[in-house]
Amino acid sequence: MTSRAAVTRIAIGFALLALVYVAPWFIGYVSAGSRMMKCPGQETAPVDVVVSLDFRPGPSELEALQQYGRYGGGGGEATNVILLRTTPDDRVRLSRLYWIKAVKPLKGCS
């Protein structure tokens, strides 16, 4: 193998590693708007939200979600997590996580 071929393989390897690292973030960023239900009057106030997942959350997911609000249970669904008093910025950050299905207000839109 020539040195040029070795450099090319190394560059391709680094590009693939970068893609594996960046792809989940990019997918979450692009699809964030479809995951978050926006309600008039809740743009500035902290509200309680229901975070829907496609899977039953384990301890690591619950710990990660507690960065965005206080854990308030599951609301009777195994794949839901209720987060209390989430700020608007935290709701936007939640909707950008690729493993979250939906972020909805607990009480619905009024």
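Quick caveat, the model's predicted, so the values are computed rather than measured.

Calculation criteria
Residues numbered from 1 in each chain as written. Predicted model: local features only at pLDDT ≥ 70, side-chain atom pairs only at ≥ 80, totals over all residues. Heavy atoms only, no water. Helix = DSSP H or I, 4+ residues; strand = E, 2+ residues; numbered from the N terminus. Buried < 20%, exposed > 50% of the residue type's maximum accessible area, 1.4 Å probe, protein only. Polar contact = N/O pair within 3.5 Å; in protein donor to acceptor, adjacent residues only side chain to side chain. Contact = heavy atoms within 4.5 Å. Core = buried A, V, L, I, M, F, W, Y, C linked by side-chain atoms within 4.5 Å. Pairing = 2+ DSSP bridges. Expected span 1.5 Å × (residues − 1). Bend = angle between axes of the 7 residues up to and from the residue. Salt bridge = Lys/Arg side-chain N within 4 Å of Asp/Glu carboxyl O.

Undergrad: Go over the side chain of Asp90 with me, naming the residues and quoting the values.
TA: On the secondary structure map, Asp90 appears in helix α4 (residues 88-95). A relative accessible area of 13% means that Asp90 is categorised as buried. For Asp90, the side chain forms a polar contact with the side chain of Arg93, separated by 3.3 Å. Every residue in contact with Asp90, bar those within four places of it in the chain, is listed here: Gln67 and Tyr68.

Undergrad: So what about the nonpolar core? Which residues, and what values?
TA: Of all hydrophobic cores here, the largest spans 13 residues; its most connected members are Val49, Val51, Leu65, Leu83, Leu94, Ile100 and Val103. At the level of elements, β1 (47-53), β3 (80-86) and β4 (100-105) are the ones that each hand at least two residues to this core. A per-element tally of this core places β1 first, with four residues. The contact partners of Leu83, leaving out residues within four places of it in the chain, are Val47, Asp48, Val49, Val51, Leu65, Tyr68, Gly69, Arg70, Tyr71 and Leu94.

Undergrad: Tell me about the pairing of β1, and please be specific about residues and values.
TA: Note on strand geometry: in a regular strand, side chains alternate between the two faces of the sheet. Counting buried positions along β1 yields six of seven residues, so the element is predominantly enclosed. Pairing of β1 with β3, which is carried by five bridges, proceeds in the antiparallel orientation. Bridge assignment links Val51 to a residue of β3, and that residue is Val81. Bridge count between β1 and β4: five bridges; the pairing is antiparallel. In the sheet register, Ser52 faces β4, and the bridge partner there is Ala102.

Undergrad: Lay out helix α1 (residues 3-30) with the relevant residues and their values.
TA: Between its first and last C-alpha atoms α1 spans 39 Å; for 28 residues at 1.5 Å apiece the expected length is 40 Å, and the two agree. Of all the bends in α1, the greatest reaches close to 35° and is centred on Val22; the proline Pro24 follows between one and four positions later.

Undergrad: With reference to specific residues and values, describe the pattern of salt bridges.
TA: Going through the model one piece at a time under the given rule, you end up with two salt bridges. Linking Asp54 and Lys101 is a salt bridge whose minimum nitrogen-to-oxygen distance equals 3.9 Å. Taken as a pair, Asp54 in the loop between β1 and α3 (59-65) and Lys101 in strand β4 lie far apart in primary sequence, 47 residues in all. Using a relative accessible area of 62% as the deciding quantity, one classes Asp54 as exposed. Two residues, Asp90 and Arg93, come together in a salt bridge whose shortest N-O distance is 3.3 Å. One end of the pair, Asp90, and the other, Arg93, are both in helix α4, three residues apart, so they sit about a helical turn from each other.

Distances and angles like these do not, on their own, reveal function.
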